[in-house]
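Working through the structure, step by step
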Amino acid sequence: MSDLHIIILGPPGSGKGTQAQRIASGMGLKHLSTGDLLRDSVADGKELGTKARAFMERGLLVPDEIILGLIKGELASLNGEGWILDGFPRTQLQAEALSEILEEKGVDIDHILLIDVDPDVVVRRVLGRRVCQDCNAVYNTATLEEGKKEICGKCGGRLVKRADDEEDTIRRRFEVYKEQTSPVLGYYDKRYGGHITIEGAGDIDEITAEIIRKIK
Ligand code: AMP
C-alpha cells in the first residue's frame, strides 16, 4: 500500500486510464476515474448519468457542478489511503475546487503526471480501443488475439467500443482538451513548481516502468 496522491493528465486516448489502472494496482493506490464513474452512472440509468451522457457522447466536458458532486463523494469516502486521480481535474475551476477539498482534508498532491502524445497517434489508438462492460478494463484491438477481441481476459465481460470513440468526436475531445484542460497544467506548475512529462507513444509496459521510476 502507498499513501501517494497523484494526478494523471493527458489528452483523450493518451493511455492515462490504462496507466492509472496499472500504477494503482502495482502500488496499492485507489484509482479514481471520473470517466469510469460517469460511465457507471450512465449504465445504471441514474439521473446524473442521463444528464452527463449527452455531453459525453458529443465529446464535450460534463458541467463542473456534476463532476464536483461526483468526486466530492468519492474523496469523502476515503480513509487516508493513497490515490491516483484519472481524468480529473479537467478545468481550472475543478482544479481550484480540488485544492480547497484537499486543504480541508490536510492532503497534499505528491505528483502531477502528464502523458503527452500526438493527436494522430491518439486517433489511431482510440479507434481500436475496447472497454470491458463489467470491470472497465481497457484493451486495444491491435494487441488482442484473434478470436478474443470481444471478451475481457480479466473477468469474462463483454468488450465494447465507447460511444465517444468515433473519429470526429475524438478530434473534438482533443480540441476541448487543448482549450479547457491544458490550462490546468499551468495552474499546477504555478502552485507546485512543475509536473512530470511522460512520452505516451511507446510500449505500454515501458511507460508504466518509467512512471514508477519517476514517482518512487
Ligand atoms: P475519460 O474516460 O476520462 O476519457 O472521460 C470520458 C468523458 O467523460 C469525457 O470526454 C467527458 O465528457 C467526461 N468527463 C470525464 N471526466 C470529466 C471531468 N473531470 N470534467 C468534465 N467531464 C468529464
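Up top is the structure these notes are about.
To keep things clear, this report deals only with the structure shown in the data block.

Scoring rules and cut-offs
- Residues numbered from 1 in each chain as written.
- Predicted model: local features only at pLDDT ≥ 70, side-chain atom pairs only at ≥ 80, totals over all residues.
- Heavy atoms only, no water.
- Pairing = 2+ DSSP bridges.
- Helix = DSSP H or I, 4+ residues; strand = E, 2+ residues; numbered from the N terminus.
- Axes fitted to C-alpha atoms, helices over the stretch in contact; angles between N-to-C directions.
- Contact = heavy atoms within 4.5 Å.
- Phe/Tyr/Trp six-rings, centres within 6.5 Å; stacked < 30°, edge-to-face > 60°.
- Buried < 20%, exposed > 50% of the residue type's maximum accessible area, 1.4 Å probe, protein only.

Quick look at the sheet that holds strand β4 (residues 111-116) now. Strand order in this open sheet of 5 strands is β2-β3-β1-β4-β8, and the pairing throughout is parallel. The open sheet terminates on both sides in strands that have one partner only, identified here as β2 (30-33) and β8 (196-199). Averaged over all pairs of adjacent strands, the angle between their axes in this sheet comes to 20°, without regard to strand direction. Across 4 bridges, the pairing between strand β1 (residues 5-9) and β4 is parallel. If you follow Ile8 over to β4, its bridge partner there is Leu113. In the packing of helix α2 (residues 34-43) onto the sheet, the strands contacted are β2 and β3 (83-86), and the crossing angle to β2 comes to about 65°. Running over the sheet, helix α8 (residues 204-215) touches β1, β4 and β8 and is turned about 165° from β8.

Applying the stated rule across the entire model yields 3 aromatic pairs. When the ring of Tyr187 is compared with that of Tyr188, the centres are 5.2 Å apart and the planes differ by 70°; the resulting orientation is edge-to-face. Tyr188 gets classed as buried once you look at its relative accessible area, which sits at 0%. Among the aromatic residues, those joined into a ring-pair cluster are Tyr187, Tyr188 and Tyr192.

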